[in-house]
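Chain residues, written in single-letter form:
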Amino acid sequence: MIEITDSVDRDKWENFVSSCPEGNIFQTCAMADVYRSTKNYEPISLAAIEQETGEVLAVLQAVIIRDAPGLVGSISSRSIINGGPLFVKGKKGLEALEKLLSYYEKFLNNRAIYTQIRNYFDTENSKTTLDSLGYQYEPHLNYLINLNRPSKEIWGDIHKPRRKGINRAEKVGIEVRKIKSQDEIKDCYKVIEETYKNVRLPLADISLLESAYDRLSDSGFIDFYLAILEGDVVGSRVVLKYKGLVHDWYAGSKQEINYVNEAVVWHMLSEYADKEKVFDFGGAGHPDKPYGVREFKKRFGGEEVNFGRYKKIHSKARDEFMKSGLKIYKTVGKYVNIGI
């Protein structure tokens, strides 16, 4: 018999995620700790357990995101499942997945307008189960770069325009380095915040990055990078690392300075070459919809994949209201904190 619980031994959970081929940092207890210390974030951690043996059959780490406390937050709240749920192979795993998601929706109890599952691996084996539970699939591209080779080989795969940009960044004097202390997270966040405002998208509170630094740095699960030009911070990037996968998490750059992103990405790729396995560019949008940075990511020569996403709307009225708010925000440019 399969039991669903929100109370699982931490070591058991971490061992399950670590041993799972699709295990990723977003499904770890460490990431739940990060969410728990982030303003307007609420983690949900559920597991499916075989009662007779105590074996973990599936885990689900979600996070409810609200863009503000109170009524405004409830109007814009959504639940995101990054890189999950994870489950054992075979019929038993699919049964556990179905029970886990069914329990999750009851546990959610209308606290989110919708749930979005962001896939970091192929989900063909679970598609039928997710469809039956009302999760609708839509394509979503990404680019993966093989890091398990010398930097010279990675450089050879980068398209000529990107290589030119990297060389020009070096000529104008852009330097890239990791942050030296937690105090520099403010510099890192500031340029990311400016970028998000320019494209009129809401951004998580700085407490997300501060919490991530506190909870993940000692384990080597996170790196913060700054791009410096003539003493000023002109770009930044935050990446998550787990089991050889480097996930491009947050990025920003000064609009008026050219080639910053080229410089930072190449610095990271050359630094991780022969040390990590894969660089995950963190998504490149729906293939049929415009996405400004897709071409930038594509020209770094990675493998294009389409693992897609799943979405289930729990409140259609609130979903329509949130979409309207996001359109107003993008059109008028006023920060109304309506989430994506």
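As the structure is a prediction and not an experimental result, all values here were calculated from the model.

### Let's talk about the nonpolar core
And step 1. Counting 44 residues, the largest nonpolar core has M31, I192, L209, L216, V238, W249 and Y250 as the members making the most contacts within it.
And step 2. Broken down by element, this core gets its largest block of residues, six residues, from helix α8 (residues 185-198).
And step 3. Composition of this core by domain shows at least three residues from each of domain 1 (2-140 + 309-333) and domain 2 (142-305).
And step 4. Contact partners of I192, with chain neighbours within four places excluded, come to L203, L209, S236, V238, Y250, A251 and G252.
And step 5. Residues L141, V176, Y272 and F296 belong to the second largest nonpolar core, which totals 30 residues.

### Remarks on the domain arrangement of the protein chain
And step 1. Per the domain assignment, the segments of the protein chain are domain 1 (2-140 + 309-333) and domain 2 (142-305).
And step 2. A separation of 26 Å is found between the C-alpha centroids of domain 1 and domain 2.
And step 3. Between domain 1 and domain 2, the contact holds 28 residues from the first and 27 residues from the second.
And step 4. Summing the contributions of domain 1 and of domain 2, the shared interface buries around 2200 Å²; its carbon and sulfur component is 64%.
And step 5. Linking domain 1 with domain 2 are six residue pairs in polar contact (both at pLDDT 80 or more).
And step 6. If you list the elements that add at least two residues to the side of domain 1 that touches domain 2, you get α1 (10-19), α2 (29-36) and α12 (316-332).
And step 7. It is α2 that contributes the most residues to the side of domain 1 that touches domain 2, five residues altogether.

### Details of a positive patch on the surface
And step 1. There is a patch of like positive charges on the surface, built from K160, K164, R168 and K171.
And step 2. Positionally, R168 belongs in helix α7 (residues 160-172).

### Some points on the environment of L203
And step 1. By secondary structure assignment, the location of L203 is in the loop between α8 and α9 (207-216).
And step 2. When its relative accessible area of 14% is taken as the criterion, L203 is described as buried.
And step 3. Separated by 47 residues in sequence, L203 and Y250 have C-alpha atoms that sit 9.8 Å apart.

### Describing the side chain of E184
And step 1. Within the secondary structure, E184 sits in the loop between β9 (175-178) and α8.
And step 2. Under the relative-accessibility criterion, E184 is labelled buried at 13%.
And step 3. Among all residues touching E184, those that are not within four sequence positions of it are R177, I179 and L226.

### Examining the packing of aromatic side chains
And step 1. On inspection of all chains with the given rule, the structure shows 13 aromatic pairs.
And step 2. Relative to Y41, the ring of Y35 lies with its centre 5.9 Å away and its plane at 40 degrees, an arrangement referred to as tilted. As far as burial versus exposure is concerned, Y35 and Y41 are alike and both buried.
And step 3. Between F221 and Y242, the aromatic rings sit 5.6 Å apart at their centres with planes inclined by 70 degrees, giving edge-to-face as the arrangement. Taken as a pair, F221 in the loop between α9 and β10 (222-229) and Y242 in strand β11 (residues 232-242) lie far apart in primary sequence, 21 residues in all.
And step 4. An aromatic cluster of at least three residues, connected via ring pairs, comprises F279, F281, F296 and F300.
And step 5. Geometry around Y114 places K311 over its ring, the cationic atom sitting 4.2 Å from the centre.

### Quick look at the pairing of strand β12 (residues 245-253)
Consecutive side chains of a regular strand alternate in pointing toward one face of the sheet and then the other.
And step 1. In terms of burial, β12 is largely enclosed, as seven of its nine residues are buried.
And step 2. Sheet analysis places β11 next to β12, joined by eight bridges and oriented antiparallel. Note on β12: the bridge partner recorded for S236 is G252.
And step 3. Hairpin connection from β11 to β12: two residues lie between these consecutive antiparallel strands, with K243 at a positive phi of about 55 degrees.
And step 4. As paired strands, β12 and strand β13 (residues 278-280) are joined by three bridges and run parallel to one another. By the bridge assignment for β13, V246 is matched with F279.

Rules used throughout
Residues numbered from 1 in each chain as written. Predicted model: local features only at pLDDT ≥ 70, side-chain atom pairs only at ≥ 80, totals over all residues. Heavy atoms only, no water. Core = buried A, V, L, I, M, F, W, Y, C linked by side-chain atoms within 4.5 Å. Buried < 20%, exposed > 50% of the residue type's maximum accessible area, 1.4 Å probe, protein only. Helix = DSSP H or I, 4+ residues; strand = E, 2+ residues; numbered from the N terminus. Domains from an automatic or database assignment. Contact = heavy atoms within 4.5 Å. Buried area = accessible area lost by both parts, 1.4 Å probe. Polar contact = N/O pair within 3.5 Å; in protein donor to acceptor, adjacent residues only side chain to side chain. Patch = residues over 30% accessible without salt bridge, like charges linked within 9 Å, V, L, I, M, F, W, Y side chains within 5 Å. Areas by Shrake-Rupley, 256 points an atom, 1.4 Å probe, with all protein chains shown as cover. Salt bridge = Lys/Arg side-chain N within 4 Å of Asp/Glu carboxyl O. Lys, Arg positive; Asp, Glu negative; His and termini not counted. Charge placed at Lys NZ, Arg CZ, Asp CG, Glu CD. Phe/Tyr/Trp six-rings, centres within 6.5 Å; stacked < 30°, edge-to-face > 60°. Lys NZ or Arg CZ within 6 Å of the ring centre and 35° of its normal. Pairing = 2+ DSSP bridges.

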